Amino acid sequence: MSTLLRLYIGERWPAQPKLSWALLAPDGSLLQEGTSDPGHWPAADECDAVISGAQVSWLRTRLPEKLPRGEAARLLANALEQKLMDEPDRHHLTVTGRHDGEVSVLVVARERLRLIAAQLAAVGRPLSRAYCELQTAPADAAGWHLALGADCAVLRRDARDGASADIGQDGMPPSLLVALAAAERASGKPSPNLIVHALEAGNPPDLGAWRTALGLEARRGGPYRWYAIQADSANLLHGEFTPSHRRHAWLGRLRPALWLAAAAVTADLLLGAAQVGRGRYRIAATEQRIVQMFQGAFPNVPAVEPAVQTERQLDQLRSPRGLLRSDDALTLLA
């Protein structure tokens, strides 16, 4: 059975080496979970990661539908430049989709992603994939979903939106949620429902106090299972971050065909070798018969080149009888 180790990468890792992890079966069901340093992670066939929402931004920008070949990455970086905290080439961009002329992009610091991949490879757990918590946290059309994770809170107002926030102090809602709720009330729009997901091992918030602070209807949702990946979650490991052990994964899919081709070539070579061997045997048998016939006709002459010697013996017999030799002019002219 192929198993998967999924890690939750917080902001303070690897300075704080302990990580939350989940061991999953091939069908995605949970086999085991815990929090420990790398030396106590369970063995698994593959390893991937969920990067906490605080380390990634989910931005939107407008781009033409059709872009020049090879220019899409550069034009996307230029379009996002005003929204980025640093130079565009210091960020790794992952397009998550296009809707109503807008392109949604996950943005993570290139050096941070490189550090995560390198550190996990160094402890013998190379990443096959990496996801962002902004996209893997629960979301649907029922309302706003707030996931209270171990590293931060993630607010998702729809399937194409996600933002991280500090977990509220003293049991109060995050300040980002308070500001967004106030803006929603000021706009005169109907107040959305707030669905709160907390970790099973965490302390659930006082939703009564939250309703008062936010002016929103708040209810408790299912437990926040950070290791449950949404089907449309984008893999951050692409381009220069494509895992080396995954770059040639297509060879594995072609292996049966390659084995079949190799078997066909081997069979063809063996058949050719058999035909060559058979031909050589027949030539040797023919030469042996020629030698035997020569020795029967000329018992006192050693067989060196039977065909040439036979021709010579015939020439010696032709001359006394007035017959043309093989080297006479008329024979050669004929």
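In spatial order, the strands read E11-E10-E9-E12-E13; together these five strands make up an open sheet with mixed pairing. Every other strand in the sheet has two partners, leaving strand E11 (163-165) and strand E13 (217-220) as the edge strands with one partner each. Averaged over all adjacent pairs, the angle separating strand axes in this sheet is 25°, with direction ignored. Examined bridge by bridge, strand E10 (residues 153-156) and E11 share three bridges and lie antiparallel to one another. Bridging across to E11, Leu-155 finds its partner in Ala-163. Those strands touched by helix H4 (residues 175-186) are strand E9 (144-148), E10, E11 and strand E12 (193-198), and its axis lies near 170° from that of E9. Its contacts with the sheet put helix H5 (residues 207-214) on E9, E12 and E13, and the angle it makes with E13 is roughly 155°.

Below, the discussion takes up the nonpolar core. Core analysis: the largest hydrophobic core is formed by 37 residues, its most contacted members being Leu-7, Ile-9, Leu-120 and Leu-127. Looking at this core, the elements that each hand over two or more residues are strand E1 (4-9), strand E2 (19-24), strand E4 (46-51), strand E5 (56-62), strand E7 (102-109), helix H2 (110-122) and strand E8 (129-132). With sequence-adjacent residues up to four places away left out, Leu-120 is seen in contact with Leu-7, Ile-9, Trp-13, Trp-41, Arg-125, Pro-126 and Leu-127. In this structure, Trp-144, Ala-198, Leu-207 and Ala-218 belong to the second largest nonpolar core, which totals 15 residues.

What counts as what
Residues numbered from 1 in each chain as written. Predicted model: local features only at pLDDT ≥ 70, side-chain atom pairs only at ≥ 80, totals over all residues. Heavy atoms only, no water. Pairing = 2+ DSSP bridges. Helix = DSSP H or I, 4+ residues; strand = E, 2+ residues; numbered from the N terminus. Axes fitted to C-alpha atoms, helices over the stretch in contact; angles between N-to-C directions. Contact = heavy atoms within 4.5 Å. Core = buried A, V, L, I, M, F, W, Y, C linked by side-chain atoms within 4.5 Å. Buried < 20%, exposed > 50% of the residue type's maximum accessible area, 1.4 Å probe, protein only.

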